[in-house]
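A closer look at the structure
Read off the chains here:
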Amino acid sequence: MKTIYLDYAATTPLDPLVLKAMLPYLKEKYGNPSSLHALGTEAKEAIDKSRSAIAKILNCSPKEIIFEASGTESINHALIGSALASQAKGRHIMTSAIEHHAVLHACGFLETQGFEVAYLPVNKQGLVDLKMLEQSIRPDTILVSIAYANNEIGAIQDIKKIASIIKKKNSETLFHADACQAAGYLELDIEALGVDLMSVNGSKIYGPKGTGFLYVKDGTALRPIMHGGEQESSRRAGTENVAGIVGLAAALKLAQVCRVSEAARLFKLQAQFIKGLLKIKGAFLNGPKTSRLPNNINVLFAGVSGGQVITALDKQGIACSTGSACTSGRIDPSHVIVALGVPYQKAGGAVRFSLGKKSSAQDISYVLRVLPKIVEKLRQK
Ligand SMILES: *Cc1c(COP(=O)(O)O)cnc(C)c1O
């Protein structure tokens, strides 16, 4: 049976061109970038080239890029590293109620270290309440962290506007954007966005898993959270994942070249999909109507559990998710869906379909053929 993969927001397959760029560094070009001989220099040059390529896309300086071992590590470094470095200025941090667990749990850790964290509410569409944001910024607010695009409902936040609100109220407050879901589809120009820190990973943009980078604006105080060697200008210790870094840069380049045409293609599929899904009785679209990633569809089926829908779809060869992959083992409804104001008992009915490169109109027609029967059957149980 053919698998219809509709879980691209959980992770993407490796692009063949990315694999091709990586292979030499997994095989013959195996030197340690810190070694002084030719093999080491070759690896070091590959990292430098990758860093420059990423900096060009972000419109920043190569030294403002730190390679990390995942989106999660980048986010932990941004939040914990900047909070520890700025604690003399204040201990107040702000984020939103719908962030990825990498952000929420790093904030939870900071709370145990004496920091105070405010979790901003979102409206029914999943957009951060900007009035509340403005009112909540204090003289001792050292950091705000907001995801550029949400992983469960695809809500795109107005990062430029958020940056300008923050800086107007307190020019010392740092702004971190979690761009892990955004990097494949949205603009990453740092000058335009106005962020101080930004996290991106490879596994959501057809790059290798376990890779990522943190953009850190020049002059931003940041403590390392990995201690050891002097890699990454002593900001992130540990032998670099050379092949991973090469793959990450190749993936980001490809993503940014394709993003406008791919977004246009996916918006059409998304519209077709949503239209069909909403014909199912008791189906409701979670998240924003317009400010939404082109590949995200999050739908709630009243009276069924999202987990049961996913299991039944899996038997038909369709791979999708209840939301964030990291929470799918748990029965609690998603904190994101609950934050939208969906009643707790209903929120467990959410299912996330996320489209990508291989998604086609035929795939969607197939899902729309089998899904109504599945939902109906589960309701009768
Ligand atoms: C996937 C994801 C992360 C975590 O990235 P990993 O590379 O899996 O650690 C963080 N934030 C968002 C929005 C994500 O989608």
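Residues numbered from 1 in each chain as written. Predicted model: local features only at pLDDT ≥ 70, side-chain atom pairs only at ≥ 80, totals over all residues. Heavy atoms only, no water.

Digging into the sheet that holds strand 2 (residues 65-68)
As summarised here, the arrangement of the seven strands in space is 2-8-7-6-5-3-4, forming an open sheet in which the pairing is mixed. For this open sheet the edge positions go to strand 2 and strand 4 (116-120), each flanked by a neighbour on one side alone. Taken pair by pair, the neighbouring strands of this sheet meet at an average axis angle of 20°, ignoring direction. Note: strand 3 (residues 92-96) against strand 5 (residues 141-147), four bridges, orientation parallel. The residue bridging Ile93 from the neighbouring strand is Leu143, located in strand 5. Each of strand 5 and strand 6 (174-178) touches helix 6 (residues 159-169); the most contacted strand, strand 6, lies at about 160° to it. (Pairing = 2+ DSSP bridges. Helix = DSSP H or I, 4+ residues; strand = E, 2+ residues; numbered from the N terminus. Axes fitted to C-alpha atoms, helices over the stretch in contact; angles between N-to-C directions. Contact = heavy atoms within 4.5 Å.)

Brief notes about the side chain of Ser359
With respect to the helices and strands, Ser359 occurs in the loop between strand 12 (350-354) and helix 13 (361-380). Every residue in contact with Ser359, bar those within four places of it in the chain, is listed here: Tyr5, Leu6, Tyr8, Arg265 and Leu269.

With respect to the packing of helix 2 (residues 38-58) against helix 9 (residues 242-277)
Look at helix 2 against helix 9: their axes get within 9 Å of each other, and the N-to-C directions meet at 25°. It follows from the interaxial angle that helix 2 and helix 9 lie roughly parallel. Here the hand of the crossing between helix 2 and helix 9 comes out left-handed. Here helix 2 contributes Ala43, Ala46, Ile47, Ser50, Ala53, Ile54, Ile57 and Leu58 to the contact with helix 9, which in turn contributes Val242, Ile245, Val246, Leu248, Ala249, Leu252, Lys253 and Gln256. Considering only residue class, the contact of helix 2 with helix 9 consists of 13 nonpolar, two polar and one charged. (Parallel < 35°, antiparallel > 145°, perpendicular 65-115°, else oblique. Left-handed = near helix turned anticlockwise from the far one by under 90°. Nonpolar A, V, L, I, M, F, W, Y, C, P; charged D, E, K, R; others polar.)

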